[in-house]
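Structure at a glance
Here's the letter readout for the chains.
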Amino acid sequence: MGWLDWLFSGGNAKKETAAPRVAPPPPLSRPPYFAIIDVETTGLSPKKDRVLELAVVRVDQGGNVVDEWSTRFNPEGPVGATHIHGITQADVANGPLFRDVAASVVPYIAGLPIAAHNARFDLAFLRAEFSRAGWDVPWLPAYCTLDGSHHYMPDLDRRRLVDCCWSARVPLNGAHSALGDARATAGLLRHYLQVQGRVGPHPALVSVQSDARGVVWPSGPSRAPLEFLPDERVSARSRPIRVTKAKPKQPALITQLSKLSLPEVLDEGAPVGSLTYVETLLDALEDGVISEDEAAALQDLVEVYELSDADVADAHQALVLALAHKALDDGHVSRDERTELESIASSLRLSGELVPKLISEADAARATRLGAKLGPLPADWALGEPLRVGDKVVFTGFDGRERERARLERRTQELGVRVLGTVSGLTAMLVSDGSFAGGKLARAQELGTRIVDPETYAILVKHLQPAKAAAPKPRRAAATTTTAAAGTTPITVQTTTSPGAIRAWGIENGYTVGVRGRLSTELVQAYELALLDAQNEPAGP
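The structure displayed is predicted, hence computed values, not measured ones. (Residues numbered from 1 in each chain as written. Predicted model: local features only at pLDDT ≥ 70, side-chain atom pairs only at ≥ 80, totals over all residues. Heavy atoms only, no water.)

With respect to the helices and strands, lysine 462 occurs in helix H19 (residues 454-462). Under the relative-accessibility criterion, lysine 462 is labelled exposed at 68%. With 75 residues separating them along the chain, lysine 462 and leucine 387 place their C-alpha atoms 9.2 Å apart. (Helix = DSSP H or I, 4+ residues; strand = E, 2+ residues; numbered from the N terminus. Buried < 20%, exposed > 50% of the residue type's maximum accessible area, 1.4 Å probe, protein only.)

The two faces of a sheet get side chains in turn, since along a regular strand they alternate between them. As paired elements, strand E2 (residues 51-59) and strand E3 (residues 65-72) share seven bridges and run antiparallel to each other. Its bridge partner lying in E3, valine 57 is registered against glutamate 68. Remark: five residues form the turn of the hairpin made by E2 and E3, two consecutive strands paired antiparallel; glycine 63 in that turn has positive phi of roughly 85 degrees. (Pairing = 2+ DSSP bridges.)

If you walk through the whole model with that rule in mind, you get 11 aromatic pairs. With a centroid separation of 4.9 Å and 50 degrees between ring planes, the pair formed by phenylalanine 121 and phenylalanine 125 is classed as tilted. With phenylalanine 121 and phenylalanine 125 both in helix H4 (residues 119-132) and four residues apart, this pair spans about one turn of that helix. This pair shows no difference in class: phenylalanine 121 is buried, exactly as phenylalanine 125 is. Every member of this aromatic cluster is reached through a ring pair, and the members are Phe73, Phe98, Phe130, Trp135 and Trp217. Over the face of the ring belonging to tryptophan 166 we find arginine 169, whose NZ or CZ atom lies 5.6 Å from the ring centre. (Phe/Tyr/Trp six-rings, centres within 6.5 Å; stacked < 30°, edge-to-face > 60°. Lys NZ or Arg CZ within 6 Å of the ring centre and 35° of its normal.)

Shown next as structure tokens:
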């Protein structure tokens with residue numbers, strides 16, 4: 001029984017097609033160094049869903065494109081979520097079956113390390129298709145550009161392909177087409193190769209090349225093609241994939257899901273190895289519901305990412321804790337926010353006591369702050385940035401001063417400041433008396449985290465300040481296209497705003513927002529117009 005089995009309440013005829021042939025790779029002037037792959041699929045589950053489209057972009061040692069190839073396949077069933085991949089039933093009705101071209105795909109990837117963004121996902125689908133086609137697939141050394149982003153771009157909030165490409169200034173054209181995403185991943189890999197002189201090579205990127213040399217592909221299938229994988233439920237194939245239509249306005253807490261960063265979830269105790277799974281879970285929850293298909297697919301992804309039951313439980317609790325603390329920032333949780341929190345916690349099979357306990361603690365902290373009568377900073381304040389409600393702090397040391405540390409930690413939590421056990425890029429300060437130089441201190445020094453002594457920290461607590469107010473939001477742009485004059489191109493502004501921030505703005509302002517990080521041209525233009533409008537608005541008194 002999987003962790004979401006409790007959510008469950010309970011094909012099309014094959015079209016004969018001629019066996020097509022894929023042209024073998026042409027002679028190359030430069031040897032390929034990596035084969036970057038991307039798949040578009042009928043769903044999230046490698047066990048029961050199928051590959052609709054496969055693209056391979058091969059690059060040389062500098063990350064420059066040598067050649068590329070892509071094709072669509074008839075999945076022998078429904079195409080699934082067209083609103084995600086843009087592929088309709090008619091687009092693949094006359095397409096080849098994977099098993100008919102499998103032998104021609106092998107020369108494009110054999111002998112090369114594979115690269116992909118979220119490589120385990122793509123490889124799980126590729127292996128499943130080869131297995132259905134009767135092939136015994138060897139172990140395939142692969143480099144994951146998502147994993148590599150932690151090394152080359154450690155400060156990102158989210159790590160979908162669109163987020164990483166935005167950070168690396170890599171164009172992402174034709175997003176959510178296999179060839180468009182493979183080209184973007186190739187650009188991301190090229191960025192990694194180019195910056196290695198400044199940040200040092202990622203060990204996994206170095207080792208994968210030699211690992212790939214010893215891989216030997218079979219010359220062909222060893223058995224007859226399978227209609228289903230051995231452990232695949234036949235009934236699952238006929239279950240329609242739920243398509244969630246965009247809502248004109250989403251609840252406030254669900255909107256926060258698009259703003260939630262992976263470091264925040266990591267701070268709350270999510271295992272590092274679960275973050276790619278958490279990324280997928282955030283996307284599934286963005287409409288506020290986990291559908292049956294999403295539940296089954298998430299269970300399959302637990303196996304793909306090799307997560308234990310404890311890893312999954314810790315990841316779920318960390319996600320809810322991070323989301324809850326966003327709602328608790330003002331020290332008060334509305335009835336709607338509480339309902340949404342309890343619904344998400346329940347869907348993830350977390351304890352029914354978790355949300356009430358958090359809310360009770362927040363209410364107590366709010367009452368304590370009101371009793372403390374937070375006032376402005378003294379006129380002669382000289383301690384820099386003050387401590388604020390909602391800040392995250394870490395304590396270390398205090399050898400022989402344990403009672404003092406316990407008292408400071410207790411008072412800190414009473415006032416609504418978070419006390420955590422590990423230092424991250426989101427930690428406001430490390431409180432240390434210098435009696436112990438351990439891993440927390442080393443991490444704080446590495447990140448440039450502010451380090452204060454207990455005496456200074458006591459003053460900061462005494463003069464606690466409210467949380468920083470959210471930055472003013474751009475006003476919503478008009479629904480019609482704004483132009484400088486009739487017949488001219490639309491007014492646009494260049495923005496460095498992250499894709500996650502644009503998605504959050506779109507949800508808050510009632511725009512239709514794509515799933516899995518997708519940003520439509522219309523949404524980006526609407527955001528830029530609203531930003532321009534806000535910049536030109538006269539300043540208030």
